[in-house]
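# Topology and contacts: notes
Here is how the chains run, residue by residue.
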There are 6 protein chains.
Amino acid sequence: MALKIERVNTGVIGFDNKIEGGLFKGSINFLTGKTGTGKTSFCSSFLYAGAKKGERGLYITTEEREEDIKNDIKAMFDWDIDGLEEKGLLKFVSLRPELPMKTVSGEEVAKVVKLYMYDLISKIEDAVKNHKAERVVVDSVSLVEIFIKDDYLRKIALMQFVDRLKELGVTAILTGAIPEGVKSLSSSGLIEFLTDSVILLDFVPIAEQFKRTVTIRKMRRTDHSVLIHPFDITDKGIKIIEIKEE
Amino acid sequence: MALKIERVNTGVIGFDNKIEGGLFKGSINFLTGKTGTGKTSFCSSFLYAGAKKGERGLYITTEEREEDIKNDIKAMFDWDIDGLEEKGLLKFVSLRPELPMKTVSGEEVAKVVKLYMYDLISKIEDAVKNHKAERVVVDSVSLVEIFIKDDYLRKIALMQFVDRLKELGVTAILTGAIPEGVKSLSSSGLIEFLTDSVILLDFVPIAEQFKRTVTIRKMRRTDHSVLIHPFDITDKGIKIIEIKEE
Amino acid sequence: MALKIERVNTGVIGFDNKIEGGLFKGSINFLTGKTGTGKTSFCSSFLYAGAKKGERGLYITTEEREEDIKNDIKAMFDWDIDGLEEKGLLKFVSLRPELPMKTVSGEEVAKVVKLYMYDLISKIEDAVKNHKAERVVVDSVSLVEIFIKDDYLRKIALMQFVDRLKELGVTAILTGAIPEGVKSLSSSGLIEFLTDSVILLDFVPIAEQFKRTVTIRKMRRTDHSVLIHPFDITDKGIKIIEIKEE
Amino acid sequence: MALKIERVNTGVIGFDNKIEGGLFKGSINFLTGKTGTGKTSFCSSFLYAGAKKGERGLYITTEEREEDIKNDIKAMFDWDIDGLEEKGLLKFVSLRPELPMKTVSGEEVAKVVKLYMYDLISKIEDAVKNHKAERVVVDSVSLVEIFIKDDYLRKIALMQFVDRLKELGVTAILTGAIPEGVKSLSSSGLIEFLTDSVILLDFVPIAEQFKRTVTIRKMRRTDHSVLIHPFDITDKGIKIIEIKEE
Amino acid sequence: MALKIERVNTGVIGFDNKIEGGLFKGSINFLTGKTGTGKTSFCSSFLYAGAKKGERGLYITTEEREEDIKNDIKAMFDWDIDGLEEKGLLKFVSLRPELPMKTVSGEEVAKVVKLYMYDLISKIEDAVKNHKAERVVVDSVSLVEIFIKDDYLRKIALMQFVDRLKELGVTAILTGAIPEGVKSLSSSGLIEFLTDSVILLDFVPIAEQFKRTVTIRKMRRTDHSVLIHPFDITDKGIKIIEIKEE
Amino acid sequence: MALKIERVNTGVIGFDNKIEGGLFKGSINFLTGKTGTGKTSFCSSFLYAGAKKGERGLYITTEEREEDIKNDIKAMFDWDIDGLEEKGLLKFVSLRPELPMKTVSGEEVAKVVKLYMYDLISKIEDAVKNHKAERVVVDSVSLVEIFIKDDYLRKIALMQFVDRLKELGVTAILTGAIPEGVKSLSSSGLIEFLTDSVILLDFVPIAEQFKRTVTIRKMRRTDHSVLIHPFDITDKGIKIIEIKEE
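### Quick notes on the interface of chain A and chain B
Each partner contributes to the interface: chain A provides 47 residues, whereas chain B provides 40 residues. Between chain A and chain B, a total of about 3,900 Å² is buried, with carbon and sulfur atoms accounting for 58% of that surface. There are 8 salt bridges connecting chain A and chain B. There are 11 residue pairs in polar contact (both at pLDDT 80 or more) connecting chain A and chain B. Taken together, the elements giving at least two residues each to the side of chain A that touches chain B come down to α2 (66-76), α4 (106-131), α5 (142-147) and β9 (209-219) of chain A. Broken down by element, the residue count for the side of chain A that touches chain B peaks at 7 residues, all from α2 of chain A.

Set out below in structure tokens:
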């Protein structure tokens, strides 16, 4: 390869060696899957792996409360989240939209909604700069995906959203949401074309039980695994179950 | 695990040991399935299990009459519903919307509808506080799910709905409705991303008969079973049929 | 079971013993299926079984002429329909909407349509009271299901429709219509959640022929069969073909 | 059976003995299928069988020119169409709508369209009375089915259409059209619920060839075959290929 | 058969003997299939077969430039297209709509569009008369099919389009376009009911390769093959691969 | 073949011999596939193969930044992109639309959008002429495909887009985007009918891994392979894996 690629490890045990050492530095990655497939676990592994090496991480949630996300992670893993947070290596920020009040007119609702979306990216930029973050998680972008109805304008808006993240120089994971029974990769059907990678988590029924898997559907600048990898969530972190390559 | 999780038993026989002892305290859980899959049975088991331990339970129905729900439960199970109700350990509240009269204009209809939805959550809050409930069932949230047409606003409204329940500190089960022949987990395709768990009931044709099953599709802060569990409805309560793990 | 349930036999030969003796008294039941699956046969069995015991039955048709429904039944079964009608034990009432005339404006059409729907339930109530009916068939509710376009308002309207029937104290069967090639249980995808039972008739291709079957998809307050039962239409009535349980 | 049913033979060789001798007199039958499945052959057999017995038949086409339909039939079968027409036993009438001219405004288009549909039934009534027809074919009703957009009004309009034919006392076949790849029985998904029978023609791929079949999906007042019958189109008429019943 | 049918050969090697010698004279035929299935090859065979016998042919393209279609054909087949064109036996005419300019208002766009469609048929009539064509190809009618949004008006417009071609007395092939992954026979789902035949070309994956096939789905006045025929495109023309009939 | 076709090699190793030596000179080709199937690799091979022979190539990206596309290519292949760019044999141009600012009204948004689309083709023409390009890649046309909502106008707009490229005399590859789980060949379902070829890339699950494949679904003026060809992305370029023809 003509270009030297700097890699950022994901912290997912057994995963980095399947993507030449990690996500490429400065890449905007899309982590997607149905509900309950392990997206929060994956994202927190990514930030935790950085924090352990002294790289500051920022977890932006657009749908949860900060304490809820933190407790979800603490309940899963034997990690010292509070300690890392105190050292400034981890930060959780909730940027949720407000539901317009019942006395507000339809026109004003549209305005409030529009402002939130235009301001969200500014707030993310501010948070990144204030926290001097190198790794960023935006969990999730599905509100951003459904915010504009027109396919054409929506695609342009998503292009700009990805661009501004890219200009910040951070390595980012955006999470998406795939409704049950739908075969698309995202709510918009658009964002997966704009990001540098698409990592798909799944929870598939096999005989009488379900199994979690991860598949790399795209990863630019990377000679990546094309296998479907089953994984376990252990209290040390997510762990890929090694299968023999055919 | 770094975080100590307090558990709330479901009363479903053979189920709690598959979810580390029960739902996590303060969680908002989503119980979903097609019609006739046993949602009312599951919800009443949850409240009955609490009442037997002295934890006050509140059953809010948005679609039935109080006496109908109560009689449905009495007809199924050998439980002393009336006695528990007299002791204040169980309470049934019907919060149904009214159909606007035929003389009302379209604009006024919209207003009446909007008010109902904004008031529903206040009425739930009042009922929880008045009854000092620790366990709450909202059966069902499907009217809430279809109330707003716009995907973006609907998701925000559902976020707020879940949030305000969470702030009440109760452990809650919300029920959903999946139309026959549809593979989604809910009417909105949105609420399952916002709740702490998704418990799916099903009624599936196998050869010449149907079988009821329960599957945990997601449960935060919990190392849960990934099996598809068949179950029976007996007069003692719902009972998971043990299958051998592979 | 804590609650004593009074049962109303269906007259379908070999069916009542699969539902603890019959539909529960005062229940609102939903009988659904594709065209040609035997809904009229099932409904007339229900009324005929009552009439033979002296229970007055009312057959409301919203789509046919009274004489057509009566002749369809007479052509199928060796029953003395005219005699029972003379004794006042059976009554057929056609409550069909009128198509607005071609000179009427769109606005007036909407008004006429709205009035029909609001009046239908009143007319059903009048017919039940005048005839002192204990058993009621409404064949079909599919016009009611498609009358309102908005999902939210439609569900509320259907809730009220079912409620007012329930308040009459009758045991009722409502019939639905499933278009060919559709996997839902009704036109609205809503009414099946509101009724006390869902009984599904089907006409399924097996090898080079078709077979009629009945399945109970839901029946509140009842420990019902979960088998798919094939049945025949004989001149004595509908007859379940007994199959060996596995 | 309590009711004596008069039968009208279809002329399809080997078919009448599968439906107790024929369609019931005065019935409105729906013959449906994809393009090229043999609907015109079936309809002309029905009229030809009557004409041979002296029963006057009327073929109304809403989409073709009279001479085209006549030539299609003449090309297929060794029948003396012209002779029967001269004797007044057969009559072909084309009742096609006109496309509004390019200079006409949108509002006027709507008016012209509406008038055509309201007048079509009057013209059919006139043609039946003038020709003293006992058997009527309306090929096809798919324009009638798609004329009204609103599901509710459309169903009412179709109810009236079927009713007025019924009041004429004729035995009628209405043809429908099923687009390729669609599993419904008609364009509207509604008319099959309103007619006395549904006869489905199909053209199905088996291995490397296609096979024509006929199935009776519904036939009121008739103990009909439930087999899928393959058939051939011969110059004597359509001929059911006998298969052994299982 | 009572009617003597004059046949027009298609020039597709091994095909005419499967349709009693050819398309019937004066018929309007619909040739449809996904992109890349060989529609242009089939159409040009039809015109070339006529030209060789002295019958004048007209190739109307609504989507390509004349020189492009001509070069496509020349590249495929060892035929003297230029020579036949000079003798007046073949003619290529491009009748493409213009995209309204960016300065034009929405209302004017609608007008320009409407005029094109009303004029297209006139231009085809002029071309047929000027060229004294006996065989006509219109490649494709898919713009005509999607021009009107309303199902009812669209069907009437298509009826008129087919009618006016029929009145010209020519034998015509209209080509359609089936989008990938769609099971319909045309863009409109309507035109296949109005033409005298439907000839379906396909390109189907079998194991690790694709195979071209032709199937006759309908052909009025013709006892046609019901087999699925694979074919090759050779420099002499399209050639059906003979398969053994079962 | 009567017409001598000049060929333009694709540079994809082992591919040109499957299409008679290459794309035909002056053709507009459509390269389509889901995200992550290798479209950028294919396009850059095409330009690189030309540049090595002294044919000037132009890479127009409508969705990425110039440096990102260049780095993606450099990371994959051992090619001297910078050197070729300095010699003027390769050029990368980003022509992305701007998202209208939040203060702009809806009407102005529509105007800005419309202008971008009308100007895009002019800008492409300018870039081709200024760079004297013989080979052009437009990656991607999916924004062009979704820009107009009306099917009819959209098809005309796409016809003009393809035409103006054709008039430039270049050999071009346009890339499309197929959303996951969709079986169409493009976003519009239209453009594949207008281009000279359709080359489909795929990434298909086989057992526990994914495999990249290329299939030629259409190629005018070319006797092309009909096999599904698996391929590898190596640091020398894309390489077809030879499979034995059956």
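### Remarks on the sheet that holds strand β3 (residues 28-33) of chain F
Residues and elements named next belong to chain F. Here 9 strands make up an open sheet; going across it, the order is β5-β4-β6-β7-β3-β8-β9-β10-β11 and the pairing mixed. Among the strands making up the open sheet, the edge pair consists of β5 (90-94) and β11 (237-240). Going across the sheet, the axis of each strand differs from the next one's by a mean of 25 degrees, ignoring polarity. Pairing between strand β6 (residues 135-139) and strand β7 (residues 171-175): 4 bridges, direction parallel.

### Describing helix α2 (residues 66-76) of chain E
Most of α2 of chain E is tucked away, with 8 of its 11 residues classed as buried. Buried within α2 of chain E are the following residues: Asp-68, Ile-69, Lys-70, Asp-72, Ile-73, Lys-74, Ala-75 and Met-76 of chain E.

### Quick look at the relation of the copies chain A and chain B
With an RMSD of 0.0 Å, the fit of chain A onto chain B corresponds to turning through 60 degrees and sliding 0.0 Å along the axis. Both copies are brought into coincidence by an operation consistent with a six-fold rotation axis. For chain A, the minimum C-alpha distance to the rotation axis belongs to Val-182 of chain A and amounts to 10 Å.

### Points about the environment of Val-12 of chain D
Residues and elements named next belong to chain D. Tracing the backbone shows Val-12 in the loop between β1 (7-8) and β2 (23-24). Classification of Val-12 by relative accessible area gives buried; the value is 2%. Between the alpha carbons of Val-12 and Leu-190 there is a distance of 27 Å; along the sequence they are 178 residues apart. When sequence neighbours within four positions are dropped, the list of residues in contact with Val-12 reads Phe-42, Ser-45, Ile-238 and Ile-240.

### Details of unusual backbone geometry
Here the residue pair Asp-139 of chain A and Ser-140 of chain A is connected by a cis peptide bond, since its omega of 5 degrees sits within 30 degrees of zero. Along the polypeptide, Ser-140 of chain A turns up in the loop between β6 (135-139) and α5. Phi is positive for Glu-20 of chain D, close to 60 degrees, though the residue is something other than glycine. Turning to its location among the elements, Glu-20 of chain D is positioned in the loop between β1 and β2. In this structure, Arg-221 of chain E takes a positive phi of about 60 degrees despite not being glycine. Its place among the elements puts Arg-221 of chain E in the loop between β9 (209-219) and β10 (228-234).

### Things to note about the confidence of the model for chain A
The predicted model of chain A averages 91 in pLDDT, with 91% of residues at 70 or higher. Confidence estimates for the predicted assembly give a pTM of 0.94 and an ipTM of 0.93.

Calculation criteria
- Residues numbered from 1 in each chain as written.
- Chains lettered and ligands numbered in written order.
- Predicted model: local features only at pLDDT ≥ 70, side-chain atom pairs only at ≥ 80, totals over all residues.
- Heavy atoms only, no water.
- Contact = heavy atoms within 4.5 Å.
- Buried area = accessible area lost by both parts, 1.4 Å probe.
- Salt bridge = Lys/Arg side-chain N within 4 Å of Asp/Glu carboxyl O.
- Polar contact = N/O pair within 3.5 Å; in protein donor to acceptor, adjacent residues only side chain to side chain.
- Helix = DSSP H or I, 4+ residues; strand = E, 2+ residues; numbered from the N terminus.
- Pairing = 2+ DSSP bridges.
- Axes fitted to C-alpha atoms, helices over the stretch in contact; angles between N-to-C directions.
- Buried < 20%, exposed > 50% of the residue type's maximum accessible area, 1.4 Å probe, protein only.
- Least-squares fit on C-alpha atoms with pLDDT ≥ 70 in both.
- pLDDT = per-residue confidence, 0-100.

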